[in-house]
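Geometric and topological summary
In case you want the letters, here they are:
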Amino acid sequence: MPAIQAATLTGLHPTISQLAIIAGISAIGGGINSIAGGGTLLTFPALVGLGIPGIVANATSTVALWPGSLASLTGYRKELVGARQWALRLAIPSLLGGLAGAFLLLATSEERFKLLVPWLVFGATVLFAVQKPAAIAIARRLERLGLENVRAVHPSMWMLLLQFLTAIYGGYFGAGAGIVMLAAYGLMGFTNIHQMNGLKNFNGLFFNGIAAATFALKGFVNWPIA
């Protein structure tokens, strides 16, 4: 058995109160993800704080937050009216990118991931902090270009590539991926924030789902905590 899996299964016996706290943090994280993104910034540190190795904590967080993505999609399903062709076409790069990101994480050693985590958290925090001014700046630029209400019928190849790259990051770590998607959809010509959130939640369901399934099948999930 790999050392990281052994570490997952031994020495981690959280109390009822700890599990209750994790459940509360996960609920808040799911709410944050449904609105913009960044819920992993709450759940990941909490799991690491329990003594779970970083990669297992990341995998467990992805699995634990996925039902929230499904619930968010249910809440935003009406907002996808007029954007369903976009949702379906972007789902393919979302699946492929999420799978690539998950395998990239599993190919990363625990030691290397520990070195990357501070930078990943810092980057996600910056994304979370600048999301509002970035959205305003994008909207103003589109307005100056006369594109504020223009959107192609179907996403172009560069848009599909952008979604693929975002999904790789989402499958690998995830925190801030929703913010990146919202910014990308703004560049693609979307202006309705609710429609953008619906599209983001739909595609997040795919790349997070395939990543969660990969982590589960490979045995990198702490199920009692998840």
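Let us look at the structure shown here. (Residues numbered from 1 in each chain as written. Predicted model: local features only at pLDDT ≥ 70, side-chain atom pairs only at ≥ 80, totals over all residues. Heavy atoms only, no water.)

Moving on to the packing of helix H5 (residues 84-106) against helix H7 (residues 157-172). Running from N to C, H5 and H7 cross one another at 40°; their axes reach a closest spacing of 6 Å. Of the possible angle classes, the one that applies to H5 and H7 is oblique. Here H5 and H7 pass one another in a crossing that is right-handed. Broken down by class, the residue content of the contact of H5 with H7 amounts to 14 nonpolar, six polar and one charged. (Axes fitted to C-alpha atoms, helices over the stretch in contact; angles between N-to-C directions. Helix = DSSP H or I, 4+ residues; strand = E, 2+ residues; numbered from the N terminus. Parallel < 35°, antiparallel > 145°, perpendicular 65-115°, else oblique. Left-handed = near helix turned anticlockwise from the far one by under 90°. Nonpolar A, V, L, I, M, F, W, Y, C, P; charged D, E, K, R; others polar.)

Our focus in this paragraph is the environment of Phe206. The topology assignment puts Phe206 in helix H9 (residues 193-217). The partly exposed category is assigned to Phe206, whose relative accessible area is 25%. For Phe206 and Leu99, which are 107 residues apart along the polypeptide, the C-alpha to C-alpha distance reads 9.6 Å. Ignoring anything within four residues of it in the chain, the contact list for Phe206 reads Ala91, Ser94 and Leu95. (Buried < 20%, exposed > 50% of the residue type's maximum accessible area, 1.4 Å probe, protein only. Contact = heavy atoms within 4.5 Å.)

Bringing empty space enclosed by the protein into the picture now. Going through the model one piece at a time under the given rule, you end up with two cavities of 30 Å³ or more. Empty space within the largest cavity amounts to approximately 290 Å³. Along the walls of the largest cavity sit 28 residues, with Asn33, Ser69, Gly174, Phe207 and Asn208 positioned nearest its centre. Broken down by secondary-structure element, the contributors of at least two residues to the lining of the largest cavity are helix H2 (16-35), helix H4 (54-76), helix H8 (177-187) and H9. Among the elements that take part in the lining of the largest cavity, H4 stands out by supplying eight residues, more than any other. Residues of the lining of the largest cavity, tallied by class, amount to eight nonpolar, 19 polar and one charged. What the second largest cavity holds in volume is close to 60 Å³. Lining the second largest cavity are Ile22, Ile25, Ser26, Thr43, Ala46, Leu47, Thr60, Ser61, Ala64, Ile225 and Ala226. Breaking the lining of the second largest cavity down by element, the ones donating at least two residues are H2, helix H3 (40-49) and H4. Across the lining of the second largest cavity, the residue classes tally to seven nonpolar, four polar and no charged. (1 Å grid on protein atoms, 1.4 Å probe; cavity = no way out; pocket = protein on both sides within 12 Å on 5 of 7 lines; lining within 4 Å. Points joined across faces, edges and corners; volume = space filled by probe spheres on them.)

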